[in-house]
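Geometric and topological summary
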Amino acid sequence: TVGNKIFHFGPCRVSMSMTEIRSGFNTIKANIQARDPIRTLSILSYPHSLHKVKSSDRCCVSHQLFNFYVDKVFRHCRTEDPYINRKISSIANSFLSIRRNFQQCQEQKNCVCDQESLEKLKQVLENYEGLNVTAAAMKALGELDILLDWME
Amino acid sequence: EDALLPAPQNISILSTNMKHFLTWSPVMVQGETVRYSVEFQGEYEREYANESWIPICECSLMAATECNITEDISATVAYNLRVRANAGTRRSEWGTLKGFFNRVTTSLTPPLMKVIADGYHLLVELEDMGPAFQFCVLYWKKGQESRMQQKVVKEASSVVHLDTMEAGLDYCVKAQAYVEAINRSSSFSQTKCVRAQGGTSVWL
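Residues numbered from 1 in each chain as written. Chains lettered and ligands numbered in written order. Predicted model: local features only at pLDDT ≥ 70, side-chain atom pairs only at ≥ 80, totals over all residues. Heavy atoms only, no water.

The name given to chain A in an unreviewed UniProt entry is Interleukin family protein, and the organism recorded there is Eubucco bourcierii. What the UniProt record of chain A gives under Function (unreviewed entry) is the line "Immune regulatory cytokine." A UniProt comment under Sequence similarities (unreviewed entry) is attached to chain A, and it reads "Belongs to the IL-10 family." (UniProt positions renumbered as here; feature names shortened; annotations may be inferred.)

Here it is, written out as structure tokens:
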């Protein structure tokens with residue numbers, strides 16, 4: 001189907017239209033990554049890859065990263081290209097919808113981070129805030145497939 | 001540019017099976033071709049991007065009074081939509097859809113279904129309704145509704161084998177469409193029955 005994936009975090013269930021998000025991202029990935037001059041730095045993977053996150057913390061880390069993209073990243077990704085803006089809007093609205101699902105998990109107390117994961121999230125924010133806001137937003141958007149790959 | 005043109009009226013959405021179209025009444029201007037431009041605004045734009053609007057290139061300065069917005073309505077959130085008329089250098093104010101549109105309200109029709117008795121094999125072929133769709137197929141021996149069986153079909157791309165039939169018995173099938181992204185199902189199709197060995201099939 002449209003590649004709706006159901007993520008189970010304990011009893012909590014989060015439905016995500018992964019294929020819709022990925023196809024939207026793939027159409028703009030090259031353009032977005034070309035706008036990222038600093039290829040040696042990573043926001044999501046420095047110093048540790050997301051794959052080091054414990055499975056018990058996956059819900060919380062995913063939720064916080066969706067918050068990061070919705071609250072901080074997408075709003076600074078406006079470009080001069082209407083088509084790119086349309087695709088970013090699609091992804092942003094999908095993230096907004098998915099984040100709502102995560103909030104339900106959090107209310108059920110199934111989405112809690114331990115200290116190590118909180119450190120990881122803190123590092124992502126530091127990586128992000130260490131750059132000029134537009135450069136940081138474009139870099140983070142260009143790394144969206146890192147998040148999607150890790151989630152899948 | 002002055003806004004002498006009247007704004008488009010009767011702006012509405014036609015949404016069926018996750019395909020969404022914005023339509024409006026034509027703006028009439030004597031002796032001139034009127035063209036229209038469409039923009040959308042998702043919940044994200046309203047809450048996080050200063051209520052910005054995003055133009056739909058395919059529906060920019062076009063003569064038609066209908067715009068396929070399916071590609072842009074790609075999240076299950078509330079969208080605003082608006083359309084403006086242009087004639088020469090003149091253009092109208094924006095006409096905005098009354099209320100939001102959320103794809104969760106799309107109308108879902110039961111799938112077309114072809115039931116095939118291939119010797120002892122009960123097969124079903126389903127209408128390809130698009131990538132968002134999967135199907136729930138129910139089948140049973142005629143007269144034994146209480147022993148109904150179910151099969152979930154994730155993609156409509158090929159014929160699906162349901163069961164191996166007992167000779168001479170009638171088997172009945174019905175199906176409904178399901179869209180995970182909005183967590184809704186269509187009503188069931190009409191029931192179609194075939195008989196093992198020499199049963200015939202026809203599209204409903």
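1. Thoughts on the overall build of chain A
The helix and strand inventory of chain A stands at six helices and two strands. For chain A, the α and β elements follow one another from N to C terminus as β-β-α-α-α-α-α-α. What you see for chain A is a C-alpha radius of gyration of 15 Å, in line with the 15 Å of a compact globule of 152 residues. A principal-axis box enclosing the C-alpha atoms of chain A has dimensions of 45 × 35 × 20 Å. Per-residue burial over chain A gives 53% buried out of 152 residues. For chain A, contacts bridging at least 24 residues in sequence account for 81% of all contacts bridging at least 6. When the accessible surface of chain A is summed, it comes to about 6,700 Å², and 51% of that surface belongs to carbon and sulfur atoms. Taken as two groups, the 20 positive and 16 negative side-chain charges of chain A have centres that lie 4 Å from each other. (Helix = DSSP H or I, 4+ residues; strand = E, 2+ residues; numbered from the N terminus. Rg over C-alpha atoms; globule rule 2.2 N^0.38 Å. Buried < 20%, exposed > 50% of the residue type's maximum accessible area, 1.4 Å probe, protein only. Contact = heavy atoms within 4.5 Å. Areas by Shrake-Rupley, 256 points an atom, 1.4 Å probe, with all protein chains shown as cover. Lys, Arg positive; Asp, Glu negative; His and termini not counted. Charge placed at Lys NZ, Arg CZ, Asp CG, Glu CD.)

2. Considering the sheet that holds strand 9 (residues 113-118) of chain B
Residue and element names in this part refer to chain B. Strand order in the open sheet formed by three strands is 9-10-13, and the pairing between neighbours is antiparallel. A strand with exactly one partner marks an edge of an open sheet, and here the two such strands are strand 9 and strand 13 (160-164). Pairs of neighbouring strands in the sheet enclose a mean axial angle of 25°, with direction left out of account. Note that strand 9 and strand 10 (residues 121-126) share six bridges and pair antiparallel. Bridge assignment links Val115 to a residue of strand 10, and that residue is Val124. (Pairing = 2+ DSSP bridges. Axes fitted to C-alpha atoms, helices over the stretch in contact; angles between N-to-C directions.)

3. Regarding the side chain of Thr106(B)
Residue and element names in this part refer to chain B. Within the element layout of this structure, Thr106 appears in the loop between strand 8 (95-96) and strand 9. Of the polar contacts made by the side chain of Thr106, one reaches the side chain of Ser15; its length is 2.7 Å. Those residues in contact with Thr106 that sit more than four places away from it in its chain are Ser15, Thr16, Asn17, Met18, His20, Ile182 and Arg184. (Polar contact = N/O pair within 3.5 Å; in protein donor to acceptor, adjacent residues only side chain to side chain.)

4. Observations regarding the packing of aromatic side chains
By the definition in use, this model includes 11 aromatic pairs over all chains. Ring geometry for Phe68(A) and Tyr128(A): centres 5.0 Å apart, planes at 85°, overall edge-to-face. Separated by 60 residues along the polypeptide, Phe68(A) in helix 2 (residues 58-73) and Tyr128(A) in helix 4 (residues 115-129) bring together distant segments of the chain. In this structure, Phe68(A) and Tyr128(A) share a single accessibility class: buried. Taking NZ or CZ as reference, Lys174(B) lies 4.8 Å from the ring centre of Phe188(B), over its face. (Phe/Tyr/Trp six-rings, centres within 6.5 Å; stacked < 30°, edge-to-face > 60°. Lys NZ or Arg CZ within 6 Å of the ring centre and 35° of its normal.)

5. Remarks on the packing of helix 1 (residues 18-34) of chain A against helix 3 (residues 82-107) of chain A
Residue and element names in this part refer to chain A. In contact at an axis separation of 9 Å, helix 1 and helix 3 are set at 135° when each is read in the N-to-C sense. Between helix 1 and helix 3, the crossing angle belongs to the class labelled oblique. As for the relative orientation of helix 1 and helix 3, their crossing is left-handed in sense. Note on element contacts: helix 3 touches helix 1 through Tyr83, Ile84, Lys87, Ile88, Ile91, Ser94, Phe95 and Ile98, opposite Ile21, Gly24, Phe25, Thr27, Ile28, Asn31 and Ile32. Looking at the contact of helix 1 with helix 3 residue by residue, the class counts come to 10 nonpolar, four polar and one charged. (Parallel < 35°, antiparallel > 145°, perpendicular 65-115°, else oblique. Left-handed = near helix turned anticlockwise from the far one by under 90°. Nonpolar A, V, L, I, M, F, W, Y, C, P; charged D, E, K, R; others polar.)

6. Section: the sheet that holds strand 2 (residues 19-23) of chain B
Residues and elements named next belong to chain B. Pairing in this open sheet of three strands is antiparallel, and the strands run 1-2-5 from one edge to the other. Here the strands that pair on one side only, and so sit at the sheet edges, are strand 1 (12-16) and strand 5 (66-68). Averaged over all pairs of adjacent strands, the angle between strand axes in this sheet comes to 25°, irrespective of strand direction.

7. Quick look at helix 5 (residues 133-142) of chain A
Residues and elements named next belong to chain A. Within helix 5, eight of the 10 residues are buried, which leaves it mostly tucked inside the rest of the structure. Within the span of helix 5, buried status applies to Ala135, Ala136, Ala137, Met138, Lys139, Ala140, Leu141 and Gly142. Next to the buried residues of helix 5 lie helix 1, helix 2, helix 3, helix 4 and helix 6 (144-151). Measuring from the side-chain oxygen of the N-cap residue of helix 5 to the backbone nitrogen of Thr134 gives 2.9 Å; that N-cap residue is Asn132.

8. Thoughts on the state of the cysteines
What the rule picks out here adds up to four disulfides over all chains. Linked covalently through their sulfurs, Cys60(A) and Cys113(A) form a disulfide whose S-S length is 1.9 Å. Handedness here is read from the sign of the S-S torsion; for Cys60(A) and Cys113(A), about -105°, the answer is left-handed. With Cys60(A) in helix 2 and Cys113(A) in the loop between helix 3 and helix 4, this pair connects stretches of sequence that are 53 residues apart. Cys113(A) matches Cys60(A) in its accessibility class, with the two residues each being buried. Across a sulfur-sulfur distance of 2.1 Å, Cys59(B) and Cys67(B) are joined as a disulfide pair. (Disulfide = S-S within 2.5 Å.)

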